[in-house]
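Analysis of the macromolecular model
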Amino acid sequence: MIRVFDFETTGFDPVEGAEVCELGHSDLLPDGTITDPQSQLFGISGKMPPDVRAVHHIHDDDLQGLPLFAPSYLGVAAVYAVHNAKFELQFITPPAPVICTYKAALRIWPNAPGHANFALAYWLEDQGIIAPLDRFKSQPAHRAGPDAYVTAHILKALFAKATADEMILWTSEPAVQSTIGFGKHRGQPWSEVDDGYLRWVMGQDFDEDTKWNVQRELDRR
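Below or above, wherever it landed, is the structure these notes cover.

How each quantity is defined
- Residues numbered from 1 in each chain as written.
- Predicted model: local features only at pLDDT ≥ 70, side-chain atom pairs only at ≥ 80, totals over all residues.
- Heavy atoms only, no water.
- Buried < 20%, exposed > 50% of the residue type's maximum accessible area, 1.4 Å probe, protein only.
- Helix = DSSP H or I, 4+ residues; strand = E, 2+ residues; numbered from the N terminus.
- Pairing = 2+ DSSP bridges.
- Salt bridge = Lys/Arg side-chain N within 4 Å of Asp/Glu carboxyl O.
- Core = buried A, V, L, I, M, F, W, Y, C linked by side-chain atoms within 4.5 Å.
- Contact = heavy atoms within 4.5 Å.
- Phe/Tyr/Trp six-rings, centres within 6.5 Å; stacked < 30°, edge-to-face > 60°.
- Arc of directions from axis to C-beta.
- Polar contact = N/O pair within 3.5 Å; in protein donor to acceptor, adjacent residues only side chain to side chain.
- 1 Å grid on protein atoms, 1.4 Å probe; cavity = no way out; pocket = protein on both sides within 12 Å on 5 of 7 lines; lining within 4 Å.
- Points joined across faces, edges and corners; volume = space filled by probe spheres on them.
- Nonpolar A, V, L, I, M, F, W, Y, C, P; charged D, E, K, R; others polar.
- Axes fitted to C-alpha atoms, helices over the stretch in contact; angles between N-to-C directions.
- Left-handed = near helix turned anticlockwise from the far one by under 90°.

Overview of the pairing of strand S4 (residues 79-82)
- Along S4, one buried face is formed by Val79 and Ala81 and the opposite face, lined by Tyr80 and Val82, is buried too.
- Pairing of strand S1 (residues 2-9) with S4, which is carried by three bridges, proceeds in the parallel orientation. Each residue of the ladder has a partner; that of Arg3, found in S4, is Tyr80.

Below, the structure is given as structure tokens:
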């Protein structure tokens, strides 16, 4: 069983005080069944910022008297999965390997028009890769249970293209950039630019993810 989970939080950085205010999960069973989404709200030690509340619409009053989030609430699974694990793994270190469906999707479907959770799922629907989502179970958006349910469908589709071990490995690596996001070559694949440009990028003050992608292309050549 793979537990697909999602957090709603009070902010983006736990170092700056952000806390988990909701946990949602939906399990992908060995026979391919996706379980109904489950969710649980948690108390917070501070106030819910209005800009964050505007995203998930969880109010301070919803959380009064509830326990604070703890890792044990995640439950036990052989593997965990989450869309954009870089965010959720700031708040928790699961006791088993993790699959980032965002990083896996960048490799399997690099030409999808978007790789955000719902954008990707709706594209997969239109391609006939997944069945139409249950609109009751997948709504409202930006809530932990429905988001986990959507991610579970993406994960199931990914298993037609890759193994768990492959996706766990990809999760440990930077996100693959299918195209260049800056400069005169913006929008082009890395494979279409010359060696000189790639080596120029390596000598500049770009982020480590970008340099990893450049080195990956140089190694491929």
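Having seen the structure, we can now continue with the description.
Quick word on the pattern of salt bridges
- Tallying each qualifying case throughout the model produces eight salt bridges.
- The closest approach of N and O atoms between Arg221 and Asp195, which form a salt bridge, is 2.4 Å. Linking Arg221 in the segment after helix H9 (208-220) with Asp195 in helix H8 (residues 195-202), this pair joins segments that are 26 residues apart in sequence.
- Of the residues examined, Asp195 reaches a relative accessible area of 34% and is grouped as partly exposed.
- Residues Glu217 and Arg221 are paired through a salt bridge, measuring 2.8 Å at the closest nitrogen-oxygen approach.
- Of the residues examined, Glu217 reaches a relative accessible area of 7% and is grouped as buried.

Focus: the nonpolar core
- Of all hydrophobic cores here, the largest spans 28 residues; its most connected members are Trp109, Leu120, Leu124, Ile154, Leu155 and Met167.
- Per element, the largest residue contribution to this core is seven residues, and it comes from helix H6 (residues 144-158).
- Contact partners of Leu120, with chain neighbours within four places excluded, come to His83, Ala105, Trp109, Ala112, Gly114, His115 and Ile154.

Some words on the environment of Val55
- Examined against the element boundaries, Val55 turns out to sit in helix H1 (residues 50-56).
- On the basis of relative accessible area, Val55 is assigned to the partly exposed category, the value being 42%.
- Sequence separation between Val55 and Gln204 is 149 residues, and the spatial gap between their C-alpha atoms is 36 Å.

Let's talk about the packing of aromatic side chains
- Scanning the entire structure with this criterion turns up twelve aromatic pairs.
- Aromatic pair Phe5 and Tyr80: ring centres 6.4 Å apart, planes at 80 degrees, arrangement edge-to-face. Here Tyr80 lies in strand S4 and Phe5 lies in strand S1, a separation of 75 residues in the sequence. Assigned by exposure class, Phe5 and Tyr80 land together as buried.
- Put simply, the rings of Phe5, Phe7, Phe42, Phe69, Tyr73, Tyr80, Phe87 and Phe91 pair up and form one aromatic cluster.

Some points on H8
- Along H8, the residues classified as buried are Tyr197, Leu198 and Val201. Angularly, the buried residues of H8 cover 100 degrees about the axis, an arc narrow enough to put them on a single face.
- Check the buried side of H8 and you find it contacts H9.
- Looking at where H8 begins, the residue whose side-chain oxygen comes 2.9 Å from the main-chain nitrogen of Gly196 is Asp194.

Points about the layout of surface pockets
- As a volume, the largest pocket reaches approximately 580 Å³.
- For the largest pocket, the lining is made up of 22 residues, of which Asp6, Phe7, Glu8, His142 and Asp147 are closest to its centre.
- If you list the elements that add at least two residues to the lining of the largest pocket, you get S1, H1, helix H3 (85-88), helix H5 (117-126) and H6.
- For the lining of the largest pocket, a count of residues per class yields eight nonpolar, nine polar and five charged.

Focus on the environment of His56
- The residue His56 is located in helix H1 in this model.
- His56 sits 53 residues away from Arg3 along the chain, and the two C-alpha atoms are 22 Å apart.
- Excluding its chain neighbours within four sequence positions, the residues that come into contact with His56 are Glu8, Thr9, Cys21, Met48, His142 and Arg143.

Some remarks on H5
- Burial in H5 covers these residues: Asn117, Phe118, Leu120, Ala121, Trp123 and Leu124.
- Downstream of H5 by one or two residues, Gly128 has phi in the positive range, about 75 degrees.

Description of the packing of H8 against H9
- Contact pair H8 / H9: the axes reach a minimum separation of 9 Å and the direction vectors enclose 145 degrees. By crossing handedness, the relation of H8 to H9 is classed as left-handed. In this structure, H8 contributes Leu198, Arg199, Val201 and Met202 to the contact, and H9 contributes Thr210, Lys211, Val214, Gln215, Glu217 and Leu218.
- Partitioning the contact of H8 with H9 into residue classes produces five nonpolar, two polar and three charged.

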